[in-house]
Amino acid sequence: MLGIAIGPRVARVGRLGPDGRPTVTVTDLAGADPVADPASALAALGAGATDEEAALALPATADRRAEARLRRAAEDVGLRVGRIVPEPVAAAVHYGAIAEGVHRTVLVADQTAAAVDLTVLAITPDLTVRVVTTRTAPLADDHGLAALARELAEAAPDAVLLSGDLYATPARRADIESLPEAQGLTVRCRTPELAVVHGLLLLADFGLLRVATGPAPASTGFPPPLEDPEPGAWPTPAEDPEPHGIPPVSALKDRDNPPPADSDPTTSQGRGEPRDQPPPPRGEPQTATIPKGRGELPDQPPPPRSEPPPPTTPEPNPAPPPEPQSSPEPRTHPSPEAPRRRSVPVTQLQAIRRDDHLLVLWAWPDTALTARVRWRREDASAGGDGPRDGDIRCQRRVYEHDGGLDLRLGRGAVTLTVEALVPDPAVDTEGAASLRIAAEPPIVEYEPTLRRRLNGTRYATVTFATRTGCDLPAVHVVHGLGRYRPTSTAEGAVLHEVPAQRLHAGAPLVVKFPFPGTRGPSWLVCFPADAPDTDIDLRPTALHRLRVT
């Protein structure tokens, strides 16, 4: 794989050597404009007619049309274009700033010939990188350093990433670290001259990487941690006045226990006689009196609610109404804040294939009781039930009881990420461990049977079936004699050859051929005609069914 970074005046071509280290070739474009005319730039690099896969980078200021021109030019010279990303994104991949499960903002300072490009990248946990802003400043008279200080004050990034030959000088990095706006920030400067090319070569490990433009959304898409504070005391609600038309509790008691006849008429009443008492003061709720006789209606209905009470002459020196007694305020205890759980990568992440199941294993941190597991099936047609991707929580006690996490994801390629949730506030590392499991070959099952016609001749039938569609290679049906089942084509005679063909799911393939007369035990076993080049798993439905006589 090639990594090609084309700048305004210089282009770099990187390639991984046998030892895994990148080797970079620098080419001067001699005043050519690679953005407007990428074909001439690629011709100057000598990258044509290679039929290799290439990842290319463009300046962050290039638009979609420049990207389309670069893709067409690369395909015209014989390259297979894998990805085209902006140079700041490739530099962020080189420094490891992009990882699944992290949310951060970085400032990439990419030095070109006489200017510096300052790009702000917003990285979200779903492996999405957004190019927020890009500005270019000249390097002369410390204009680039002043522009970098202004960018730090406006964007407030979490780290500064340096890219370009200029920043290979330790004094340049020291100038940036001495800025007041850079105090407390991490300034990364590891082989800045190879940052873009090395990041392009590492793009093969970021199959889910997405590049967008604009600021990141306010919501990250991940739910906040659950809070379970201690509930405080419920406040005492204000006492509601008695509604109109409903008797108070004391009136209901008086109805069942009527007062004596010689009682004071001001405090008692006869059957159907209303009380002779002054109307209530203005502003107090009025209550209707229910007569004591069961089933009897009062002589006059109460006035409607909308009509105000008739004016009355106030008595001299009326007694002030009693002040309502306020209930004491309930005591509430401050609820403790739930600890914020941080996601940390697990260690020793591995997965064991069990047909269409995956047994996922990892080492838990000491303080972690919950882990978050996410997966994405890259080939949904490779078997397995369920959605294409998923996100679940795994409890540690369940994991230890079951001996791992069992997932039924089919036999296709799967990308897993596992992060442990810890409540330790001292942990300052967030992220997730990632693992990509390669696809397993599709399974083709076969079953031989033996039949006898009425004339005494015998014929054999072999049925091939698969749960997923695949290309069946040429197959040899081998007949072996003796007590032991043949394990290769050399241990028997080839009775029939099945040609290579497409095998559809749910549509068995049945082949029939004559079977020679034999005595004693015999076997029918199938082997691929080209064993080293086969890409399927050919297996019998049961071993004992291979013995036909």
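Data block above holds the structure.
Attention here is on the structure that accompanies the text.

1. Concerning helix α4 (residues 143-155)
Argument step 1. An ideal rise of 1.5 Å per residue puts 18 Å on 13 residues; α4 measures up with 18 Å between its terminal C-alpha atoms.
Argument step 2. Along α4, the residues that are buried comprise Gly-144, Ala-147, Leu-148, Ala-149, Glu-151 and Leu-152.
Argument step 3. Here the buried face of α4 lies against β6 (104-111), β7 (115-124), β8 (128-138), β9 (159-163) and α5 (170-177).
Argument step 4. Looking one or two residues beyond α4, the residue adopting positive phi is Ala-156, at roughly 50°.

2. Considering the pattern of salt bridges
Oppositely charged side chains are able to pair whenever their charged atoms sit close together.
Argument step 1. Applying the stated criterion to the full structure yields 13 salt bridges.
Argument step 2. Between Arg-408 and Asp-356 there is a salt bridge; the shortest N-O distance is 3.2 Å. Of this pair, Arg-408 sits in strand β17 (residues 405-408) while Asp-356 sits in the loop between β13 (347-354) and β14 (357-363), and the two are 52 residues apart along the sequence.
Argument step 3. We classify Arg-408 as partly exposed; its relative accessible area is 41%.
Argument step 4. Assessed through its relative accessible area of 8%, Asp-356 is described here as buried.
Argument step 5. The shortest N-O distance in the salt bridge between Glu-419 and Arg-372 comes to 4.0 Å. Of this pair, Glu-419 sits in strand β18 (residues 414-422) while Arg-372 sits in strand β15 (residues 370-377); the two residues are 47 residues apart in sequence, bridging distant segments of the chain.
Argument step 6. When its relative accessible area of 10% is taken as the criterion, Arg-372 is described as buried.
Argument step 7. Salt bridges sharing common partners tie together Arg-372, Arg-374, Asp-391 and Glu-419.

3. Describing the packing of helix α1 (residues 38-45) against helix α2 (residues 64-76)
Between two packed helices, what matters for the description is the angle formed by their axes and the separation of those axes.
Argument step 1. Two elements in contact, α1 and α2, have axes whose closest approach is 8 Å; the angle formed by their N-to-C orientations is 40°. Viewed along their axes, α1 and α2 adopt a mutual orientation that is oblique. Every pair of crossing elements has a handedness; the one defined by α1 and α2 is right-handed. Residues Pro-38, Ala-39 and Leu-42 of α1 pack against Arg-69, Leu-70, Ala-73 and Ala-74 of α2.

4. Remarks on the environment of Leu-421
Argument step 1. Examined against the element boundaries, Leu-421 turns out to sit in strand β18.
Argument step 2. Residue Leu-421 is classed as buried on the basis of its relative accessible area of 10%.
Argument step 3. Among residues more than four places away in sequence, those in contact with Leu-421 are Arg-341, Arg-342, Ser-343, Ala-368, Leu-369, Thr-370 and Arg-393.

5. Overview of the nonpolar core
A general feature of soluble globular proteins is that nonpolar side chains tend to end up buried together.
Argument step 1. Ranked by internal contacts, the top residues of the largest apolar core, which has 29 residues, are Ile-98, Val-106, Leu-121 and Leu-200.
Argument step 2. Top element by residues in this core is helix α3 (residues 87-94). It accounts for 5 residues.

6. A short note on the side chain of Glu-419
Argument step 1. For Glu-419, a relative accessible area of 4% corresponds to the buried category.
Argument step 2. A polar side-chain atom of Glu-419 sits 3.1 Å from a polar atom in the side chain of Ser-343.
Argument step 3. Residues contacting Glu-419, with those up to four places away along its chain left out, are Ser-343, Val-344, Val-346, Ala-371, Arg-372, Arg-374, Gly-431 and Ala-432.

7. Focus: the pairing of strand β1 (residues 2-6)
Argument step 1. Burial analysis of β1 places 5 of its 5 residues in the buried class, the great majority of the element.
Argument step 2. Here β1 shows two buried faces, one formed by Leu-2, Ile-4 and Ile-6 and the other by Gly-3 and Ala-5.
Argument step 3. As paired strands, β1 and strand β4 (residues 53-58) are joined by 4 bridges and run parallel to one another. If you follow Ile-4 over to β4, its bridge partner there is Leu-56.
Argument step 4. Note that β1 and strand β2 (residues 10-16) share 5 bridges and pair antiparallel. Across the sheet, residue Leu-2 finds its bridge partner in β2, namely Arg-15.

8. Let's talk about the side chain of His-94
Argument step 1. By the element assignment, His-94 lies in helix α3.
Argument step 2. Side-chain polar atoms of His-94 contact the backbone oxygen of Arg-190, separated by 2.8 Å.
Argument step 3. Setting aside residues no more than four positions away along its own chain, His-94 makes contact with Arg-190, Thr-191, Leu-194, Ala-195, His-198, Gly-199 and Leu-202.

9. Comments concerning the sheet that holds β9
Argument step 1. The 6 strands lie next to each other as β10-β9-β6-β7-β8-β11, forming an open sheet whose pairing is mixed. Looking along the sheet, the strands with just one partner apiece sit at the ends: β10 (186-188) and β11 (210-213). With direction set aside, neighbouring strand axes in the sheet form an average angle of 25°.
Argument step 2. With 3 bridges connecting them, β9 and β10 associate as parallel partners. Note that in β10 the partner of Val-160 across the bridge is Val-187.

Conventions we followed
Residues numbered from 1 in each chain as written. Predicted model: local features only at pLDDT ≥ 70, side-chain atom pairs only at ≥ 80, totals over all residues. Heavy atoms only, no water. Helix = DSSP H or I, 4+ residues; strand = E, 2+ residues; numbered from the N terminus. Expected span 1.5 Å × (residues − 1). Buried < 20%, exposed > 50% of the residue type's maximum accessible area, 1.4 Å probe, protein only. Contact = heavy atoms within 4.5 Å. Salt bridge = Lys/Arg side-chain N within 4 Å of Asp/Glu carboxyl O. Axes fitted to C-alpha atoms, helices over the stretch in contact; angles between N-to-C directions. Parallel < 35°, antiparallel > 145°, perpendicular 65-115°, else oblique. Left-handed = near helix turned anticlockwise from the far one by under 90°. Core = buried A, V, L, I, M, F, W, Y, C linked by side-chain atoms within 4.5 Å. Polar contact = N/O pair within 3.5 Å; in protein donor to acceptor, adjacent residues only side chain to side chain. Pairing = 2+ DSSP bridges.

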